[in-house]
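So the chains spell out like this:
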Amino acid sequence: MREQFTGWPEQAMDVLWQLQGEPTKETRERCRADRERLVRQPMIALLNGVADADPRYEDFSVWHYRTGSWWWQHQSAVIRLGRKVEINLRFSLDGLWLQGAWWYPDPGQVDAFRRAVAAEGSGRELAALVEEVRGKGYDVSGDMMKRPPRGFPADHPRAGLLRHRSLIAARSFGCEEWLHTPEAVERVLSAAADVDALLMWLIRHVHRTA
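Residues numbered from 1 in each chain as written. Predicted model: local features only at pLDDT ≥ 70, side-chain atom pairs only at ≥ 80, totals over all residues. Heavy atoms only, no water.

**Comments concerning the nonpolar core**
- Ranked by size, the top nonpolar core spans 60 residues in total, and within it Phe91 and Leu202 carry the most contacts.
- Among the elements that make up this core, the one with the highest residue count is helix H7 (residues 183-206) (13 residues).
- If near-sequence neighbours (up to four positions away) are discounted, leucine 202 is found in contact with Val85, Trp102, Phe113, Leu167 and His207. (Core = buried A, V, L, I, M, F, W, Y, C linked by side-chain atoms within 4.5 Å. Buried < 20%, exposed > 50% of the residue type's maximum accessible area, 1.4 Å probe, protein only. Helix = DSSP H or I, 4+ residues; strand = E, 2+ residues; numbered from the N terminus. Contact = heavy atoms within 4.5 Å.)

In structure tokens form, the structure reads like this:
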């Protein structure tokens, strides 16, 4: 039977603290087992709990440490919802961070995005969804051109959105006490719900490449 999520232990922060800066190979090896048990395995348990609550979130991966020190200091994970549309999570000394993202697009996806932004119905819908997630405390960003792409007027009512070649809504939840309790599952589900409508718009309009 797989382990149920009970929260990240307080000792997880101690392990991450030891890995700050540029930890030596010896330090990494000394911390490896504790980091796996106290940091990475709870992330797996958390996402299993999230997937149990909503099967749409079953396709997830929890990253290993790789070679760079950043990967040892930040436990990252991804929930795949559509082609290049996903939810990313990160646990570190700064607490929990989550984003909903369409990024690293396939050929044709950017063109499909622009057509949907330019269209009156779908474009207005996206503009409203972006303002909605901003109102919930998310920063909206992405890879952006300096000006609207060729073929679209500079004074287009959604010129700002047309400049996007990716779209990301991200929020830090900090080091709240609930990270160390089972409540974190419900908190992540709530955050996923915050960005759900935006991500579903992206899946509808850019999931298939042109």
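**What to know about the packing of aromatic side chains**
- Under the counting rule described, the total for this entry stands at eight aromatic pairs.
- Arranged with centres 5.0 Å apart and planes meeting at 80 degrees, the rings of tryptophan 70 and tryptophan 71 form a pair that is edge-to-face.
- An angle of 85 degrees between the planes, with centres 6.0 Å apart, marks the rings of phenylalanine 113 and tryptophan 201 as edge-to-face. Placement of phenylalanine 113 in helix H4 (residues 109-118) and of tryptophan 201 in helix H7 is noted, with a sequence separation of 88 residues between them. Per residue, the accessibility class of phenylalanine 113 equals that of tryptophan 201, and both read buried.
- Cluster of aromatic residues (ring-pair linked, three or more members): Phe5, Trp8 and Phe91.
- The side chain of arginine 90 reaches across the aromatic face of tryptophan 97, ending 4.1 Å from its centre.
- The lysine or arginine in question, arginine 171, covers the ring of tyrosine 138, its NZ or CZ lying 5.8 Å from the ring centre. (Phe/Tyr/Trp six-rings, centres within 6.5 Å; stacked < 30°, edge-to-face > 60°. Lys NZ or Arg CZ within 6 Å of the ring centre and 35° of its normal.)

**Focus on unusual backbone geometry**
- Positive phi is not limited to glycine here, since lysine 84 has a value of about 70 degrees.
- Tracing the chain through its elements places lysine 84 in the loop between strand S2 (75-82) and strand S3 (85-92).
- With relative accessibility at 26%, the residue lysine 84 sits in the partly exposed group.
- For tyrosine 104, which is not glycine, the phi dihedral falls at a positive 45 degrees.
- Here tyrosine 104 is to be found in the loop between strand S4 (95-102) and H4.
- Note on tyrosine 104: relative accessible area 61%, which makes it exposed.

**Quick notes on the sheet that holds strand S6 (residues 167-174)**
- Taken in spatial order, the six strands of this open sheet run S1-S2-S3-S4-S6-S5, and their pairing is antiparallel. One side of each edge strand has no neighbouring strand; the edge strands of this open sheet are strand S1 (60-62) and strand S5 (139-141). Between one strand and the next, the sheet's axes are offset by a mean angle of 15 degrees, whatever the strand orientation.
- Looking at chain direction, S2 and S3 are connected through seven bridges and run antiparallel. In the sheet register, valine 78 faces S3, and the bridge partner there is asparagine 88. (Pairing = 2+ DSSP bridges. Axes fitted to C-alpha atoms, helices over the stretch in contact; angles between N-to-C directions.)

**Description of the packing of H4 against helix H5 (residues 120-135)**
- At a closest axis distance of 5 Å, the pairing of H4 and H5 adopts a crossing angle of 95 degrees. In terms of their interaxial angle, H4 and H5 are classed as roughly perpendicular. Every residue of H5 that contacts H4 at Phe113, Ala116, Val117 and Ala118 is listed here: Glu120, Ser122, Gly123 and Leu126.
- Split by residue class, the contact of H4 with H5 holds five nonpolar, two polar and one charged. (Parallel < 35°, antiparallel > 145°, perpendicular 65-115°, else oblique. Nonpolar A, V, L, I, M, F, W, Y, C, P; charged D, E, K, R; others polar.)

**Remarks on H7**
- The end-to-end C-alpha distance of H7, which contains 24 residues, comes to 33 Å, matching closely the 34 Å that a straight helix rising 1.5 Å per residue would cover.
- Of all bends in H7, the biggest is about 50 degrees, found at aspartate 196. (Expected span 1.5 Å × (residues − 1). Bend = angle between axes of the 7 residues up to and from the residue.)

**Digging into helix H1 (residues 11-18)**
- Every buried residue belonging to H1 is among Ala12, Met13, Val15 and Leu16, and all of these are buried. Angularly, the buried residues of H1 cover 160 degrees about the axis, an arc narrow enough to put them on a single face.
- Buried residues along H1 sit against helix H2 (25-53), helix H3 (69-73) and S3. (Arc of directions from axis to C-beta.)

**Points about the pairing of S4**
- With eight of its eight residues buried, S4 lies for the most part within the structure.
- Across eight bridges, the pairing between S3 and S4 is antiparallel. Looking across to S4, one finds that serine 92 is bridged to glycine 95.
- Here S3 folds back onto S4 in antiparallel fashion, the turn holding two residues.
- Examined bridge by bridge, S4 and S6 share seven bridges and lie antiparallel to one another. Within S6, the position partnered with tryptophan 102 by the bridge is leucine 167.

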